[in-house]
Amino acid sequence: MRTREAILPDAERIHELISVHYEAGTLLPRALPEICENIRDFRVVEEHGRIVGCGALHLYGLHLAEVRSIAVDPIFQRRGAGFILVKALLRQAVRHQVGGVCLFTRIPEFFARLGFSAVTREQIPDKLYKDCCVCPKLHSCDEVAMVRGSLPNMAMLPQPSSVLVKLEA
Ligand SMILES: CC(C)(COP(=O)(O)OP(=O)(O)OC[C@H]1O[C@@H](n2cnc3c(N)ncnc32)[C@H](O)[C@@H]1OP(=O)(O)O)[C@@H](O)C(=O)NCCC(=O)NCCS
């Protein structure tokens, strides 16, 4: 198995891989146009030329990146693809000289083995302002926030009062 950067023709397969796990309730949905727009965030893992998994590294800034949309085809699970993918995304974060990498997950044990530690989601304000504040599960989140590397001191995004009001509700 090997990983490579995703290119636009991979978008449909990435969409398919994520959709399987969305239907099973383990991943957030990603629409095909959104995957196309963010295709440069994605890496895929291939075996004999077939894409068997995908994952993305979203860059917030030098202080923080997020690992997201990690999905391995159920037929190819437990053969190392997940670890290969996350390690490749972490190397990418190092290349960009990002200080910390965060993620939200329901399987913290898997990511703990890759050096991530649990934190509170309030410790990752970038994620709160970008995704959580528009998520229907804002007040009933069942995911564990995790960080590898240093925690950002503050969000690098503006703090519109409407977002703060929603978060405090
Ligand atoms: C989580 C997922 C990416 C793992 O992919 P994978 O290719 O099966 O993982 P690997 O084969 O690289 O597993 C590496 C190690 O983690 C363990 N592991 C795999 N899945 C695990 C899970 N769900 N929970 C805990 N540990 C897990 C494996 O047993 C393996 O340990 P070992 O080397 O001692 O046997 C895959 O199961 C998946 O796509 N799940 C659904 C989507 C999802 O939950 N994504 C993460 C959202 S943040």
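Each value, and the rule that gives it
Residues numbered from 1 in each chain as written. Predicted model: local features only at pLDDT ≥ 70, side-chain atom pairs only at ≥ 80, totals over all residues. Helix = DSSP H or I, 4+ residues; strand = E, 2+ residues; numbered from the N terminus. Buried ≥ 20, exposed ≤ 12 C-beta atoms within 10 Å, placed from the backbone. Contact = placed C-beta atoms within 7 Å. Core = buried A, V, L, I, M, F, W, Y, C linked by C-beta atoms within 7 Å. Near = placed C-beta within 6 Å. Pairing = 2+ DSSP bridges. Axes fitted to C-alpha atoms, helices over the stretch in contact; angles between N-to-C directions.

What follows covers the overall build of the protein chain. Of regular secondary structure, the protein chain possesses six helices and seven strands. A buried classification covers 34% of the 169 residues belonging to the protein chain. Of the contacts made within the protein chain by residues no fewer than 6 positions apart, 69% connect residues no fewer than 24 positions apart.

Right, let's talk about the nonpolar core for a bit. Grouped together as the largest cluster of nonpolar side chains are 40 residues, with contacts concentrated most on Ile14 and Cys102. Those elements that place two or more of their residues in this core are helix H1 (11–23), strand S2 (42–47), strand S3 (50–61), strand S4 (64–72), helix H3 (81–95), strand S5 (100–105), helix H5 (125–130) and strand S7 (144–149). For Cys102, the residues in contact, after removing those within four places along its chain, are Leu64, Glu66, Ile124, Lys127, Ala145, Met146 and Val147.

Bringing the site of the ligand into the picture now. Close to the ligand lie 18 residues, the nearest being Gln77, Ala81, Gly82, Phe83 and Thr105. Broken down by secondary-structure element, the contributors of at least two residues to the shell around the ligand are S4, H3, S5 and helix H4 (108–112).

Further remarks concern the sheet that holds strand S1 (residues 2–5). The pairing of strands in a sheet happens through backbone hydrogen bonds and is either parallel or antiparallel. Reading across from one edge, S1-S2-S3-S4-S5-S7-S6 is the order of the seven strands in this open sheet, with mixed pairing throughout. With one partner strand each, in any of the chains shown, S1 and strand S6 (117–119) form the two edges of the open sheet. Averaged over all neighbouring strand pairs, the angle between strand axes comes to 30°, with direction disregarded. As defined by bridge partners, S1 adjoins S2 across four bridges and the pair is classed as antiparallel. Looking at the pairing, Glu5 lines up with Arg43 of S2. Sitting on the sheet, H3 touches S1, S2, S3, S4 and S5, and the angle it makes with S3 is about 30°.

Glycine aside, residues mostly have negative phi angles, and peptide bonds mostly take the trans form. The backbone of His48 shows a phi angle near 50°, a positive value even though the residue is not glycine. Along the polypeptide, His48 turns up in the loop between S2 and S3. On the neighbour-count criterion, His48 (6 C-beta atoms within 10 Å) is exposed. In this model, Gln97 sits at a positive phi of 60°, which is unusual for a non-glycine residue.

This part covers the pairing of S2. Looking at chain direction, S2 and S3 are connected through six bridges and run antiparallel. Bridged to Glu47 within S3 is Arg50. Counting the residues between successive antiparallel strands, the hairpin from S2 to S3 contains two residues, one of them, His48, with a positive phi of roughly 50°.

Moving on: the environment of Pro152. Of note, Pro152 is situated in the loop between S7 and helix H6 (161–168). The exposure class assigned to Pro152 is buried, which follows from the 22 C-beta atoms found within 10 Å. Separated by 28 residues in the primary sequence, Pro152 and Ile124 have C-alpha atoms spaced 7.0 Å apart. For Pro152, the residues in contact, after removing those within four places along its chain, are His63, Leu64, Gly100 and Asp126.

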